[in-house]
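# Chain and residue survey
Here are the chains, one letter per residue:
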Amino acid sequence: MSEKPADNPVYPPVGRCIYCGATRYSPTRLKLGDEHIIPEALDGKLVLPEASCFECERSINWFEHYCLTKTFGPMRYALGMRSKRPQNRPKTLPLELLIGENWVTKEVPIDWAPVMIFMPVFDPPEILAGGPPTRQNIYTAKFLHRELAPGDEFKLGEIFAATKGRSYKVSVDGIRFALQVAKIAHGYAFAERSGLECFNPVLTDTILRRPGATPLPYLIGGLQEIGPPSPENIEITLRRGITKFGVTWLVDIRLFPWIGAPTYRVVVSVENPPPALQLLAKGSAY
Ligand SMILES: [Zn+2]
């Protein structure tokens, strides 16, 4: 499906944290938090009510805050995407300028700054090849790069007259990015779980970065080939597969396909988890 207001399903409240199984938000508050499947800051509209606890929200914040303010921040500010705290939105962005013989970081008003987006291009999740995990860390040598706004050369030149060149600070962290797409995939699969056969979620320990959790590249990855741009803001699709581990559910996610963004592919559920995933079966509430 594509995320559009017209097909904006309202899911029933879960009543348990979709990460740890807790049935209350915190020792002092009963009602669980609503889970935005795709962050509101990325204009996501799907909500899973009463589905997260305070501790898990705090854990998720480690990667989500970074992705939303650093990796996607300049793009969000330039495109006027939603913000929980618009008053905290930066007024300037750092730009490296070559002035004389020296590179100097200057804060440039946001309307003048060029806006770049970098998104990692991942290999497919290793589990789909049927073997055990071979890599501990997610690694990518390939990024999709787009310039979304060229910036105002005239104003920049007027203020920083001697500039001979410029470059950008790029803030993409492969681990945090992978966890962000895993969180979206898990939430979406959980929201749609009633329609899924053999739903046995496998990502919670990885998302919460619990000791001994499955290495990221085993379950989280993407497609190397990049599809043509499409007019949607977000595309998210649940796919049923059969692997040697039985019924295996995958979620494909494309954030901003209109810029020709990469597709991320995340394994959200495995019917008969292999040994590399069995810690989850013991440690997880689902
Ligand atoms: Zn929780």
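Because the structure is a prediction, the values reported are computed rather than measured. (Residues numbered from 1 in each chain as written. Predicted model: local features only at pLDDT ≥ 70, side-chain atom pairs only at ≥ 80, totals over all residues.)

### As for the overall build of the chain
The following threshold applies: Elements are defined by DSSP. Helices are runs of H or I of four residues or more, strands are runs of E of two residues or more, and each kind is numbered from the N terminus. In this scheme every C-beta is placed from the backbone, and a residue whose C-beta has 20 or more other C-beta atoms within 10 Å is buried, one with 12 or fewer is exposed, and one in between is partly exposed. Residues are treated as contacting if the C-beta atoms built from their backbones sit within 7 Å of each other.
A tally of helices and strands in the chain yields seven helices and eleven strands. Here the chain holds 286 residues, and the buried ones make up 35% of them. Long-range contacts, defined as pairs at least 24 residues apart, comprise 71% of the intrachain contacts of the chain with a sequence gap of at least 6.

### What to know about the sheet that holds strand S11 (residues 264–270)
Defined as follows: Whether two strands pair comes down to DSSP finding at least two bridges between them. Lines are fitted to the C-alpha atoms to define the axes, a helix being fitted only along its stretch in contact, and any angle between axes, read from their N-to-C directions, falls within 0 to 180 degrees.
Here we have four strands laid out as an open sheet, ordered S8-S11-S10-S9, and antiparallel in their pairing. Two strands lie at the open edges of the sheet, namely strand S8 (220–222) and strand S9 (234–243), each paired on one side alone. The sheet shows a mean angle of 30 degrees between the axes of neighbouring strands, taken without regard to direction. Where S9 lies against strand S10 (residues 246–255), ten bridges are found, and the strand directions are antiparallel. When the sheet's bridge partners are listed, Thr243 is paired in S10 with Gly246.

### Focus: helix H4 (residues 174–191)
We apply this condition: Given a helix with a known number of residues, its expected span is that number minus one, times 1.5 Å.
An ideal rise of 1.5 Å per residue puts 26 Å on 18 residues; H4 measures up with 26 Å between its terminal C-alpha atoms. Among the 18 residues in H4, 15 count as buried, and that is most of the element.

### Description of the environment of Val10
Among the structural elements, Val10 can be located in the segment before strand S1 (33–36). You can call Val10 exposed: it has 8 C-beta atoms within 10 Å. The spatial distance from the C-alpha of Val10 to the C-alpha of Leu48 is 7.5 Å, given a sequence separation of 38 residues.

### Examining the nonpolar core
What counts, and what does not: Buried Ala, Val, Leu, Ile, Met, Phe, Trp, Tyr and Cys residues whose C-beta atoms connect them within 7 Å together make up a nonpolar core.
Counting 57 residues, the largest nonpolar core has Val181, Ala182, Ala185, Val251, Val266 and Val268 as its most contacted members. Those elements giving two or more residues to this core turn out to be strand S2 (47–52), helix H1 (54–71), strand S5 (115–120), H4, helix H6 (216–219), S9, S10 and S11. The greatest single-element share of this core, amounting to eleven residues, is contributed by H4. For Val266, the residues in contact, after removing those within four places along its chain, are Pro125, Val181, Ala182, Ala185, Leu219, Ile220, Leu250 and Val251. Residues Leu95, Leu97, Val108 and Val115 belong to the second largest nonpolar core, which totals six residues.

### Focus on the environment of Phe122
Structurally, Phe122 can be placed in the loop between S5 and strand S6 (143–149). Between the C-alpha atom of Phe122 and that of Gly221, which follows or precedes it by 99 residues, the distance is 5.0 Å. If we skip the residues at most four places from it in the chain, Phe122 touches Ile138, Thr140, Gly221, Gly222 and Tyr264.

### Structural notes on H1
Owing to its 3.6 residues per turn, the α-helix brings residues three or four apart onto one side. Look at H1: 24 Å from first C-alpha to last across 18 residues, which is about the 26 Å you get at 1.5 Å a residue. Next to the buried residues of H1 lie S2, helix H2 (73–79), H4 and helix H5 (204–207).

### Considerations on the packing of H1 against H4
Definition in use: By definition in this entry, angles of less than 35 degrees are roughly parallel, angles greater than 145 are roughly antiparallel, angles of 65 to 115 are roughly perpendicular, and the rest are oblique. All residues other than Ala, Val, Leu, Ile, Met, Phe, Trp, Tyr, Cys, Pro, Asp, Glu, Lys and Arg, Gly among them, are scored as polar; the first ten of these are nonpolar and the last four charged.
Contact geometry for H1 and H4: axes closest at 9 Å, N-to-C directions at 110 degrees. If you check the angle between H1 and H4, you find them roughly perpendicular. Residue-level contacts link Ile60, Phe63, Glu64, Tyr66, Cys67 and Thr71 of H1 to Arg176, Phe177, Leu179, Gln180 and Lys183 of H4. Residue composition of the contact of H1 with H4, by class: six nonpolar, two polar and three charged.

### Structural notes on the confidence of the model for the chain
Our working definition: pLDDT measures how confident the predictor is about each residue, on a scale from 0 to 100.
Averaged over the chain, the pLDDT score is 86; the fraction of residues at 70 or greater is 87%. For residues 280–286, every residue scores under 50 in pLDDT, and the model assigns this stretch 13 contacts once sequence neighbours within four places are set aside.

### Observations regarding the environment of Ile207
The residue Ile207 is located in helix H5 in this model. Given 24 C-beta atoms within 10 Å, Ile207 falls into the buried group. Spatially, the C-alpha atom of Ile207 lies 5.9 Å from that of Leu179, the residues being 28 residues apart in sequence.

### Concerning the pairing of S11
Taken across its seven residues, S11 has seven buried, putting it largely inside the fold. With six bridges connecting them, S10 and S11 associate as antiparallel partners. Each residue of the ladder has a partner; that of Ile253, found in S11, is Tyr264.

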